[in-house]
Amino acid sequence: ELPQSLYGVYELEAGLGQPMAIASFYQSWGAGSVHAFPASVLQSLRRGDYLPMVTWEPWLSAFDDQEERNPSASLQRIVKGEVDGYIRAYARDAVRYGHAFLLRPGHEPTNPQYGWAPDYGNSAADYRAFWTHVRRIFREEGADNAMFVWTPHGLRDHEWFPGDNLVEWMGFDVFNYGNLA
């Protein structure tokens, strides 16, 4: 339901008898207002005493000049600067927001469902370069309030780790696919 509604979070908190500390939601990259920095959502979460976390998905197909392009090697295109304007605008809006938040760009880098995974021609070196590039832009723009969160997809993702000096938080996803094969 996030970011449109907090009702499910409130219901879960009531059932657990404990407040949540972090409220996370997903946002894909692209042109248009739905892809812009979600300042009002973050403000709302902050008013609810949550630390907001944006899982920021670097899909390139939602950019007008990228929509016809194959997702292969998307991280290389990001590092070459093809969407720097978008990243810089997002970072500047983060500065204007002015409060701490968690940013999880390109989560689960080896998950084959994502265009930034090796299945689409991206290597661990490409991913580390992508992470460094995005974080550098945020710091150049003064968005020190964005705390970068790295979340692996599997236990063998250590090659994809950007480095201690580039990650403020680490996450871990736990999957239970049950009987699905």
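See the structure shown above.
An account of the accompanying structure is given in this report. (Residues numbered from 1 in each chain as written. Predicted model: local features only at pLDDT ≥ 70, side-chain atom pairs only at ≥ 80, totals over all residues. Heavy atoms only, no water.)

1. Thoughts on the nonpolar core
Then, number 1: Core analysis: the biggest nonpolar cluster contains 41 residues, and Trp29, Trp56, Ile87 and Phe138 have the highest contact counts within it.
Then, number 2: Here this core takes seven residues from helix α5 (residues 124-140), the largest share from any one element.
Then, number 3: Discounting chain neighbours no more than four positions away, the residues touching Ile87 are Trp29, Trp56, Ile78, Val134, Ile137 and Phe138. (Core = buried A, V, L, I, M, F, W, Y, C linked by side-chain atoms within 4.5 Å. Buried < 20%, exposed > 50% of the residue type's maximum accessible area, 1.4 Å probe, protein only. Helix = DSSP H or I, 4+ residues; strand = E, 2+ residues; numbered from the N terminus. Contact = heavy atoms within 4.5 Å.)

2. Notes on the environment of Glu168
Then, number 1: Topologically, Glu168 is positioned in the loop between β4 (146-150) and β5 (169-170).
Then, number 2: On a C-alpha basis, the gap between Glu168 and Glu11 in space is 30 Å, while along the polypeptide they are 157 residues apart.
Then, number 3: With near-sequence residues (within four places) excluded, Glu168 lies in contact with Arg135, Arg139, Ala146, Met147 and Phe148.
Then, number 4: A distance of 2.3 Å separates the side chain of Glu168 from the side chain of Arg135, its partner in a polar contact. (Polar contact = N/O pair within 3.5 Å; in protein donor to acceptor, adjacent residues only side chain to side chain.)

3. Focus on the environment of Asp126
Then, number 1: Positionally, Asp126 belongs in helix α5.
Then, number 2: Every residue in contact with Asp126, bar those within four places of it in the chain, is listed here: Leu75, Gln76, Val79 and Gly121.

4. A short note on the sheet that holds strand β3 (residues 101-105)
Then, number 1: Strand order in the open sheet formed by five strands is β1-β2-β3-β4-β5, and the pairing between neighbours is parallel. Looking at strand neighbours, the two that pair on one side only are β1 (22-28) and β5, the edges of this open sheet.
Then, number 2: Where β1 meets strand β2 (residues 51-57), seven bridges bridge the pair, whose relative direction is parallel. Paired with Ser24 across the two strands is Met53, which belongs to β2. (Pairing = 2+ DSSP bridges.)

5. Observations concerning the pattern of salt bridges
Then, number 1: All chains considered together, the criterion is met by nine salt bridges.
Then, number 2: With a shortest N-O distance of 3.5 Å, Glu141 and Arg92 are connected by a salt bridge. Within this pair, whereas Glu141 is found in the loop between α5 and β4, its partner Arg92 is found in helix α4 (residues 84-97), the two being separated by 49 residues in sequence.
Then, number 3: Among the salt bridges present, the one from Asp93 reaches Arg96, with a minimum N-O distance of 2.4 Å. (Salt bridge = Lys/Arg side-chain N within 4 Å of Asp/Glu carboxyl O.)

6. What to know about a nonpolar patch on the surface
Then, number 1: Together, Leu155, Phe172 and Val174 line one region of the surface with nonpolar side chains, adding up to about 410 Å² of accessible area.
Then, number 2: As for its position among the elements, Phe172 is in the segment after β5.
Then, number 3: Accessibility expressed as a relative area gives 54% for Phe172, which makes it exposed. (Patch = residues over 30% accessible without salt bridge, like charges linked within 9 Å, V, L, I, M, F, W, Y side chains within 5 Å. Areas by Shrake-Rupley, 256 points an atom, 1.4 Å probe, with all protein chains shown as cover.)

7. Some details on the packing of aromatic side chains
Then, number 1: Using the criterion set out here, one finds 22 aromatic pairs in the structure.
Then, number 2: Ring centres of Tyr86 and Tyr90 lie 5.9 Å apart, and the angle between their planes is 50°; this geometry places the pair in the tilted category. Placement of the pair is Tyr86 and Tyr90 together in helix α4, with a separation of four residues, close to one helical turn. Across the pair, Tyr90 and Tyr86 agree in class, each one buried. (Phe/Tyr/Trp six-rings, centres within 6.5 Å; stacked < 30°, edge-to-face > 60°.)

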